[in-house]
Amino acid sequence: MKIIAVNAGSSSLKFQLLTMPEEHEITSGLVERIGYDNAVFTIKVNGEKIKKEQSILNHKTAVELVVKGLLENKIIDSIEEINGVGHRVVQGGEIFKDSVIITDDVIKDIISLNDLAPLHNPANITGIKAFRELLPNVIQVAVFDTTFHQTMKEDAFLYATPYEWYQKYGVRKYGFHGTSHQYVSERALELLDNPKAKIIVAHLGNGASLCAVDAGKSVDTSMGLTPLEGIPMGTRSGNIDPSVLMLVSQKEDKTYGEVLNDLNKHSGYLGVSGISNDSRDIVDNMHKGHHRATLAHKVQIKRIADYIGSYYVYMGGLDAICFTAGIGENAPEIRQDVIEAVKVLGVELDPVENQKRGEHLISSKQSKIKVFIIPTNEEVMIAREVMRLK
Ligand code: AMP
């Protein structure tokens, strides 16, 4: 059975074709710069990336191109071979407590959440509509970044703001990266052979969030109403005092929207270091003694440690910390410094194992808390959801 996992952004569309239930990737690809004359379509054929530049003016054309690419490169023989499509949708609000088969009503409900995710949900809908038009008889499933966190209790998700804001506008913490946190924590429970284990997943990529998972359920997570809350990231500030918004908007004669954009796009690693949003540049420059690169790193480590400590207390213990995503899977120095910052919990790395890649245990034998690298796979999680709802 062949399933496509789709991640549509405002000007991009990522896809992966998998065979299920084997969870084997057949191919993957990407359409970038949708809406432009010089859009780029990339598809992997026999492990090699084929790139084509051409005009792709909308998502419908992008989806047609993806299907044509699959046929022309003989990855599939006919369109009937596609048995299901899973769509990543960023914000499911409180409406979607589970993944769902997409109908006209579901689309209306997702659109009703646009205020909560103005940058993401409209783009996700565009992708959904394009695939539904091209494959009207194929099951399409929406898999939300927020669903996994819908098990958080009120004390974890509610902001201490006027309660009416929550009632009227849905102002609360939703959390994101849900498919990743779910995939990694499910795998950790298997590795620990303990379905009741208490786990912290550190999804550290350009976007980054932590999640406290107790017996398979998300009980707290660092991102909030939007992905801006939490730890500092590649370009996002993470938590700040909201009064900064007013001060900077007055000083720099900017609107709140513009300052928010600075907090989303010009902060984090990039803002503090003044060099780059890429952890590799931060680590390289730190080795060269660059003060602000070192500071960008230290600020992030401190905040990650704050969350780990808080989740340890909130869950009343901890069995494992799992590192995932671009930085979590590939940056040994950063893993080392995170674990060093929380060593009071009795956790310690094996320095040799920490240098290796791929899914494995990296804590020392005497460590009280196990530490794993578990490469995330959001596409597999999406395809699993399609299979479950078929
Ligand atoms: P993601 O958003 O999960 O794709 O992660 C992007 C981040 O992962 C960037 O900061 C990259 O510097 C980092 N990253 C990706 N690959 C590597 C690598 N091989 N070594 C160190 N960092 C990496």
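Before any of the text, the structure's been laid out above.
Scope of this entry: the structure provided in the associated data block. (Residues numbered from 1 in each chain as written. Predicted model: local features only at pLDDT ≥ 70, side-chain atom pairs only at ≥ 80, totals over all residues. Heavy atoms only, no water.)

1. Side note on the site of the ligand
Applied cut-off: Being near a molecule or strand, for a residue, means having at least one of its heavy atoms within 4 Å of it. The definition of a polar contact used here is a pair of N or O atoms within 3.5 Å, where within protein one atom must be able to donate a hydrogen and the other to accept one, and adjacent residues in sequence count solely through side-chain atom pairs. Surface accessibility in these figures is a Shrake-Rupley result with a 1.4 Å probe; residues are shielded only by whichever protein chains are displayed. Helix and strand definitions here come from DSSP, where helices need a minimum of 4 consecutive H or I residues and strands a minimum of 2 consecutive E residues; each element is numbered from the N-terminal end. As a working rule, the residues Ala, Val, Leu, Ile, Met, Phe, Trp, Tyr, Cys and Pro are called nonpolar, Asp, Glu, Lys and Arg charged, and the rest polar, with Gly in that last group.
As a matter of local geometry, the ligand sits amid Gly205, Asn206, Asn277, Asp278, Ser279, Arg280, Ala325, Gly326, Ile327, Asn330 and Arg357. The backbone of Asn206 places a nitrogen or oxygen atom 2.8 Å from an oxygen atom of the ligand. A distance of 2.3 Å is found between an oxygen atom of the ligand and a side-chain nitrogen or oxygen belonging to Asp278. Considered on its own, the ligand offers 500 Å² of accessible surface; in the complex 69% of this is hidden by protein. Contributing elements (two or more residues each) for the shell around the ligand: α10 (279-287) and α12 (325-330). At four residues, α12 tops the list of elements feeding residues into the shell around the ligand. Among the residues forming the shell around the ligand, the class breakdown is two nonpolar, six polar and three charged.

2. Brief notes about the sheet that holds strand β7 (residues 100-101)
Applicable threshold: Strands qualify as paired when DSSP identifies two bridges or more between them.
Spatially, the eight strands line up as an open sheet ordered β5-β4-β3-β2-β1-β6-β8-β7, and their pairing is mixed. Both edges of this open sheet fall to β5 (48-56) and β7, since each of them pairs with a single strand only. Of the strand pairs in this sheet, strand β2 (residues 13-19) and strand β3 (residues 24-32) are connected by seven bridges, and their pairing is antiparallel. Each bridged residue has a counterpart across the sheet, and for Leu17 the counterpart in β3 is Thr27.

3. Observations regarding the packing of helix α11 (residues 291-315) against helix α13 (residues 332-341)
Threshold: Only the stretch in contact is used when a helix axis is fitted, and all axes are lines through C-alpha atoms; the angle between N-to-C directions ranges over 0 to 180 degrees. Angles are sorted into four bins: roughly parallel if under 35 degrees, roughly antiparallel if over 145, roughly perpendicular if 65 to 115, and oblique for all others. Handedness of a crossing is defined here by the sense of rotation of the near helix relative to the far one, left-handed for an anticlockwise turn of less than a right angle and right-handed for a clockwise turn. Pairs of residues are marked as contacts when any of their non-hydrogen atoms sit within 4.5 Å.
Their axes nearest at 9 Å, the elements α11 and α13 cross at an angle of 50 degrees. Here α13 runs oblique to α11, going by the angle between their axes. Remark: the crossing between α11 and α13 carries right-handed chirality. Of α13, the residues touching α11 (which contributes His297, Ile301, Ile304, Ala305 and Ile308) are Ile334, Asp337, Val338 and Ala341. Residues of the contact of α11 with α13, tallied by class, amount to seven nonpolar, one polar and one charged.

4. Examining the environment of Tyr159
Note that Tyr159 resides in the loop between α4 (154-157) and α5 (163-169). A C-alpha to C-alpha distance of 21 Å links Tyr159 and Gly257, two positions 98 residues apart in sequence. Apart from residues no more than four positions distant in its own chain, Tyr159 is found in contact with Val171, Arg172, Lys173, Gly224, Leu225 and Glu229.

5. Re the sheet that holds strand β9 (residues 198-204)
Across the sheet, six strands lie side by side as β11-β10-β9-β12-β14-β13; this open sheet has mixed pairing. Every interior strand has two partners, whereas the edge strands, β11 (217-221) and β13 (360-361), have only one. As defined by bridge partners, β9 adjoins strand β10 (residues 208-214) across seven bridges and the pair is classed as antiparallel. Across the sheet, residue Ala202 finds its bridge partner in β10, namely Leu210. Here helix α6 (residues 178-192) sits on the sheet in contact with β9, β10, β11, β12 (320-324) and β14 (370-373), set at roughly 135 degrees to β9.

6. Some remarks on the environment of Glu48
Mapped onto the elements, Glu48 comes out in strand β5. When the C-alpha positions of Glu48 and Thr27 are compared, they lie 9.8 Å apart, and in sequence the two are 21 residues distant.

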